[in-house]
Amino acid sequence: MTAPLHPVALHPVALHGAPRSGTTWLGEIFNSHPQVRYAFQPMFSYAFKEFLGPDPDAARIAAFWEALAQSDDAFIRQAEKRADGRLPDFGTSAPTHLVYKEVRHHHLLPVLMARAPTLRAVLIVRDPRAVISSWLRAPREFRADLGWRVEEEWRAAPSKNLGRAEEFNGFDRWKDATRIFLDLAAAHPQRVALIRYADLLADPDAGVAGLFDLCGLEVTDRTTAFLHAGTRADPSDPYGVDARRRADTGWRDRLDPGIAEEIAADLAGTPLAAFLD
């Protein structure tokens, strides 16, 4: 009988954030750890998009972890980008942790946390003004070429979300995702880390040390080198990842001031205002 490609009893870790919130960078930070088996957006992949369904039980969730651990699907491993240098190819020989990242399907997280007691979650939130600004600059995400208009899309993203529960584009869905994250952090304080993107940028060493500790990992030289050396990717690429991040203030020059003011006014006096930089 052939032995499994990887042990099936890996410790599961979920990385979630709204689109354009730094999840790719966060995912590669975890991927840099020698003991991590990393999966990129498996719930969006052709291989796994129907695996969990809308209401998975504990057995189905456990089967999901096992399938992810053993899969070498090119999409979830981002094989093409690693081969051409757009993403680092770290390699893992003896993983102890299974880490996946998602920008969709946040509505499933409460179910996963309730029915998978070993699951740890790292939830990242970026200033929504930066999120919207970044989305508008990503040509494959905001389809100006199809006639999408900023004033019609920035708040509810109807052309992008298409009414799908798993999609979290636009300001209104940023609010929905962030409320889910806040509720999970309050309900599972020993298992959930909720981090502001700006704080991770400001002190990545301390931020990563805390996140790794929650997940039962120690910071290694390889992760430290990744945080400080950067990658060969173009840091101006809206789809790229580079470890040498700068202050997240570019939205102030790019986002329509009226939109920025409306977002700030909408959040004023609410718990979500804590994520405005």
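Everything below is about the structure shown above.
Residues numbered from 1 in each chain as written. Predicted model: local features only at pLDDT ≥ 70, side-chain atom pairs only at ≥ 80, totals over all residues. Heavy atoms only, no water.

(A) Just the layout of surface pockets, in detail. One number sums up the size of the second largest pocket: a volume of about 340 Å³. In this structure, the second largest pocket is lined by 19 residues; those nearest its centre are Met43, Phe44, Lys49, His105 and Glu166. A per-class count over the lining of the second largest pocket returns eight nonpolar, four polar and seven charged. (1 Å grid on protein atoms, 1.4 Å probe; cavity = no way out; pocket = protein on both sides within 12 Å on 5 of 7 lines; lining within 4 Å. Points joined across faces, edges and corners; volume = space filled by probe spheres on them. Nonpolar A, V, L, I, M, F, W, Y, C, P; charged D, E, K, R; others polar.)

(B) Inspection of the pattern of salt bridges at higher detail. Throughout the structure, instances matching the rule amount to 20 salt bridges. A salt bridge links arginine 86 to glutamate 80; the nearest nitrogen and oxygen atoms lie 3.5 Å apart. Taking the shortest distance from any N to any O, the salt bridge between aspartate 199 and arginine 196 comes out at 2.7 Å. In this structure aspartate 199 comes out as partly exposed when scored by relative accessible area, which is 39%. Several salt bridges share partner residues, and in doing so they unite Arg155, Asp172, Lys175, Glu262 and Asp266 into one network. (Salt bridge = Lys/Arg side-chain N within 4 Å of Asp/Glu carboxyl O. Buried < 20%, exposed > 50% of the residue type's maximum accessible area, 1.4 Å probe, protein only.)

(C) The arrangement of the side chain of threonine 178 in detail. Mapped onto the elements, threonine 178 comes out in helix 8 (residues 170-187). Given a relative accessible area of 2%, threonine 178 falls into the buried group. Not counting residues up to four positions away in its chain, the partners in contact with threonine 178 are Val125, Leu272 and Phe275. (Helix = DSSP H or I, 4+ residues; strand = E, 2+ residues; numbered from the N terminus. Contact = heavy atoms within 4.5 Å.)

(D) A look at the packing of helix 5 (residues 128-136) against helix 13 (residues 257-267). Between helix 5 and helix 13, whose axes approach to 10 Å, the crossing angle comes to 145 degrees. Regarding helix 5 and helix 13, the two cross each other, and that crossing is right-handed. Across the interface between the two elements, Pro128, Arg129 and Ile132 from helix 5 touch Ala260, Ile263, Ala264 and Leu267 from helix 13. Residues that form the contact of helix 5 with helix 13 fall into these classes: six nonpolar, no polar and one charged. (Axes fitted to C-alpha atoms, helices over the stretch in contact; angles between N-to-C directions. Left-handed = near helix turned anticlockwise from the far one by under 90°.)

(E) Up close: the pairing of strand 3 (residues 97-102). Counting buried positions along strand 3 gives six out of six residues, so the element sits mostly inside the fold. Neither face of strand 3 is exposed, since His97, Val99 and Lys101 on one face and Leu98, Tyr100 and Glu102 on the opposite face are all buried. Strand direction decides the pairing type here: strand 1 (residues 11-17) and strand 3, joined by six bridges, are parallel. Following the sheet pairing, histidine 16 is matched in strand 3 by glutamate 102. Examined bridge by bridge, strand 2 (residues 36-40) and strand 3 share five bridges and lie parallel to one another. Residue pairing across strands places tyrosine 38 opposite valine 99, the latter belonging to strand 3. (Pairing = 2+ DSSP bridges.)

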